[in-house]
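Take a look at the letters that make up each chain.
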Amino acid sequence: MSSYARTRTNRALPFLLFGAWSVFLFLVLGFFIYSTWKATETTANETSANEARILANSLDSALRRIEAIMDWTEVAVRRIESGGSLIDEAITSQLVSLTRNFQEITGITYYSPDGSKRASSSTLACIMNEDSKALVFTNSHTSLEYSATLDCDETGKHILVAHRALYGEGEKPLGYIAGSVDLSFYEALFSRIKVGQNGMVSFRRADTSRLVVRWPIITEQINNLAPGIPPQLAISEGAKEGVIQYRGGTDGIERIFAFQRIEGYPFYALVGREVGDVFDSWLLNSVIAVLVTLLLLFTSGIFLIQLDKNLNLKNRLIHELLHRTNNSLQLVLSLVQLSLFQFESPNQNSKTLLEVFYSRVRTLSLAQKCITRDFSSVIFRDLIVALAQETGQEVRVNLEPPQYSLLLDFAVPLGLVLNELFENSPDKSQVDVEITQITNKLVMGYRVNGLLKLSSDTENLVRTLIAHQLSGNFAILALDPFECTVDFPLDLYSNRIHV
Amino acid sequence: MKSKKVLLVEDEAITILFLTKVLERLGHSIIAVTARGEEALDLVKTHEPDLVIMDIGLAGDVDGIEAAHQIRRISNVHILFASGYNNAETLSLTAKIPFTLFRSKPLGFENLRDAFDTLSIIE
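Residues numbered from 1 in each chain as written. Chains lettered and ligands numbered in written order. Predicted model: local features only at pLDDT ≥ 70, side-chain atom pairs only at ≥ 80, totals over all residues. Heavy atoms only, no water.

**Student:** Before we move on, could you go through the overall build of chain A and cite the residues and values that matter?
**Tutor:** Secondary structure summary: chain A contains 11 helices and 17 strands in total. The buried share of chain A, reckoned over its 499 residues, is 45%. Contacts in chain A between residues far apart in sequence, at least 24 positions, make up 61% of those at least 6 positions apart. Of the accessible surface of chain A, which amounts to about 25400 Å², a share of 56% is contributed by carbon and sulfur atoms. (Helix = DSSP H or I, 4+ residues; strand = E, 2+ residues; numbered from the N terminus. Buried < 20%, exposed > 50% of the residue type's maximum accessible area, 1.4 Å probe, protein only. Contact = heavy atoms within 4.5 Å. Areas by Shrake-Rupley, 256 points an atom, 1.4 Å probe, with all protein chains shown as cover.)

**Student:** Describe the overall build of chain B, naming the residues involved and giving the relevant values.
**Tutor:** The helix and strand tally for chain B stands at 5 helices and 5 strands. Reading the helices (α) and strands (β) of chain B from amino to carboxyl end gives β-α-β-α-β-α-β-α-β-α. Among the 123 residues that make up chain B, the fraction classed as buried is 54%. Counting contacts in chain B only where the partners sit at least 6 residues apart, residues at least 24 apart contribute 62% of the total. Accessible surface computed for chain B: about 5500 Å², of which carbon and sulfur atoms make up 49%.

**Student:** Describe in detail the sheet that holds strand 5 (residues 173–182) of chain A, supporting the description with residues and values.
**Tutor:** Residues and elements named next belong to chain A. With respect to topology, 5 strands assemble into an open sheet ordered 2-1-5-4-3, the strand pairing being antiparallel. Each having just a single partner strand, strand 2 (117–120) and strand 3 (145–151) make up the two edges of the open sheet. Pairwise comparison of adjacent strand axes, ignoring direction, gives a mean angle of 25° for this sheet. Here strand 1 (residues 105–111) runs beside strand 2; their pairing, made up of 3 bridges, is antiparallel. When the bridges of strand 2 are listed, Tyr 110 appears paired with Ala 119. (Pairing = 2+ DSSP bridges. Axes fitted to C-alpha atoms, helices over the stretch in contact; angles between N-to-C directions.)

**Student:** How would you sum up the interface of chain B and chain A? Please name residues and give values.
**Tutor:** Opposite the 21 residues of chain B that make contact, chain A presents 21 residues. It is Ile 14, Phe 18 and Pro 106 of chain B in chain B that bury the most area against chain A; as a group they hold 26% of the surface buried on that side. Our count for the contact surface shared by chain B and chain A stands at 1 salt bridge. For the interface between chain B and chain A, the tally reads 1 residue pair in polar contact (both at pLDDT 80 or more). Contributions of two or more residues to the side of chain B that touches chain A are made by helix 1 (13–25), helix 4 (88–95) and helix 5 (109–122) of chain B. Broken down by element, the residue count for the side of chain B that touches chain A peaks at 7 residues, all from helix 1 of chain B. A per-class count over the side of chain B that touches chain A returns 8 nonpolar, 7 polar and 6 charged. (Buried area = accessible area lost by both parts, 1.4 Å probe. Salt bridge = Lys/Arg side-chain N within 4 Å of Asp/Glu carboxyl O. Polar contact = N/O pair within 3.5 Å; in protein donor to acceptor, adjacent residues only side chain to side chain. Nonpolar A, V, L, I, M, F, W, Y, C, P; charged D, E, K, R; others polar.)

**Student:** Before we move on, can you summarise the nonpolar core with the specific residues and values?
**Tutor:** Residue and element names in this part refer to chain A. Core analysis: the biggest nonpolar cluster contains 43 residues, and Leu 55, Leu 59, Tyr 146, Val 181, Tyr 186, Phe 203 and Phe 267 have the highest contact counts within it. At 13 residues, the largest contribution of residues to this core is made by helix 2 (residues 13–81). Viewed by domain, this core spans two of them, domain 1 (19–182) and domain 2 (186–278), each represented by three or more residues. Discounting residues that sit within four places of it in the chain, Phe 267 has contacts with Leu 59, Leu 63, Tyr 146, Leu 160, Arg 204, Arg 205, Ala 206, Val 212, Arg 261 and Ile 262. In this structure, Leu 366, Ala 386, Leu 452 and Cys 484 belong to the second largest nonpolar core, which totals 42 residues. (Core = buried A, V, L, I, M, F, W, Y, C linked by side-chain atoms within 4.5 Å. Domains from an automatic or database assignment.)

**Student:** Explain the pattern of salt bridges to me, using residue names and the numbers behind them.
**Tutor:** Residue and element names in this part refer to chain A. Summed over all chains, the structure comprises 22 salt bridges over all chains. A salt bridge links Asp 487 to Lys 441; the shortest N-O distance between them is 3.8 Å. A residue pair is termed long-range when its members are at least 10 positions apart, and Asp 487 in strand 17 (residues 482–489) and Lys 441 in strand 15 (residues 441–448) qualify at 46 residues. The class for Asp 487 is buried, based on a relative accessible area of 15%. The partly exposed category is assigned to Lys 441, whose relative accessible area is 38%. When salt bridges with common partners are traced through the structure, they connect Asp 71, Glu 74, Arg 78 and Arg 164 into a single cluster.

**Student:** With reference to specific residues and values, describe a nonpolar patch on the surface.
**Tutor:** Residues and elements named next belong to chain A. Together, Phe 26, Leu 283, Val 287, Leu 291 and Leu 294 make up an exposed nonpolar region whose accessible area comes to about 450 Å². The greatest single-element share of the nonpolar patch, amounting to 4 residues, is contributed by helix 7 (residues 275–342). Among the structural elements, Leu 291 can be located in helix 7. What makes Leu 291 exposed here is its relative accessible area of 52%. (Patch = residues over 30% accessible without salt bridge, like charges linked within 9 Å, V, L, I, M, F, W, Y side chains within 5 Å.)

**Student:** Can you tell me about helix 4 of chain B, naming the residues and giving the values?
**Tutor:** If you check which residues of helix 4 of chain B are buried, you get Ala 88, Thr 90, Leu 91 and Thr 94 of chain B. Buried residues of helix 4 of chain B fall within an arc of 165° about the axis and therefore sit on the same side. (Arc of directions from axis to C-beta.)

Printed below as a string of structure tokens:
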């Protein structure tokens, strides 16, 4: 096998690396998709939960305000009953002042036990419609009671009425007090929350999930009961807040809901976003990421295949070039050998000349066969063995490592020198070639178990090759058995091909 | 060594001349020569050679490896591949065909004698 074949690199390696790169990219893509999905879900949940908390606080604030004003009114009415100096006009004035900056409170009104109005914060109290009258004047509780969502006769807006009875000493009835909450204020507030096309925001009763107010407004759903919906169940089990995903019973839309119980009052806020709306942008980003990854892999795959084709073509061209060079040398050798076949003994000198020529051209051909993958060097042990084989000699090579390569600039002249030594050694003799590298110098020892005679022309060629091409030294140490050394500096030439 | 009948499948005239001379000196005879892989199969059928010396890059559409595969379907004749294409791929392809030997060009006298010796041992 040629040295080229032995040093050939694995062409599959770039494709294996590409496979590993693809797996890595898909793992990164998977991590990206999962982490962005998780982040989207967390952000949506936290956003909805915060919005529910803010809305709940808003209603809580209005109800607390109403409750505090009612407490103050009760104290004031008791003082009037016990002969105090306060008069109804003073209570009215105070109610106006206490509710002035609260748009969500339509009005607070105090009624005597017979139902006549005694004091009110507003002329548009939105209380004295038929529905609210029935509620307020039949309520005997001192704790706050709440109406269903009502339509205000005066404004047409949705209202919620909070009311209670007032008692003096000895459980003497002192009348009723009622406050109305303007639910249109919350409808406007809800409308500013971006919950998407199929999102919704609402306040519901905590006990029955009766719908108090909702955005977008669907009038026919107001006051509908929804017992058993997941947020209400969670609240009935003690939860104050939470995030739950479920499908709406009326519209069948899957939403992620955040709920927040209003502490001390029988209401909770609910903010819901459609699952599709929440994950739309994530889905789009994921699809883009997948497409970009696939495009990246596709283009890098195409690039790799094209690169491999080009490299393959280049390799084939180089091989063809090498093959044709070798073929040309082989033709020269064949021509010389054909000429040699024609010589008979009278032309011995000419024949010898041709044989010498033949062996020298053959050395060049053998050096080509032992060339390394980058075409810069020769596996020198292989060249020594091939030369010995062609010249019919037995050789022992002492050269480490076995794959030691020598630049062509050194290997060709040294190969020609070795060829002359082999050719002029006795037939089928034992030859020892020892090569050692001492720092920047290569030393070759050649020993043969017999007499080696170099003609003056051959010795001249050997000495010229060593002295002029290798800038080295040639020394004959013994004639029989023949022993010589060649040494030359290795820094004379450098590798011109860097792979 | 027994004289062998050799079929030479080679497209290089000089190489044909050279191998003819060398084989004559080794005591073997060339019974037919062709430069085309397509013709090699018919020549094997007709002449029943003891050995086929096969180049790999040939004239025509059928290369030496394909020609050897076709020959192997009808005969177990020894095939000596002789080519300058001594890369790993070529060696691997030729090694898959039984009763074959690969020698890289240039083929010299010693080289050919050694190949014939090896084939005799296989025989």
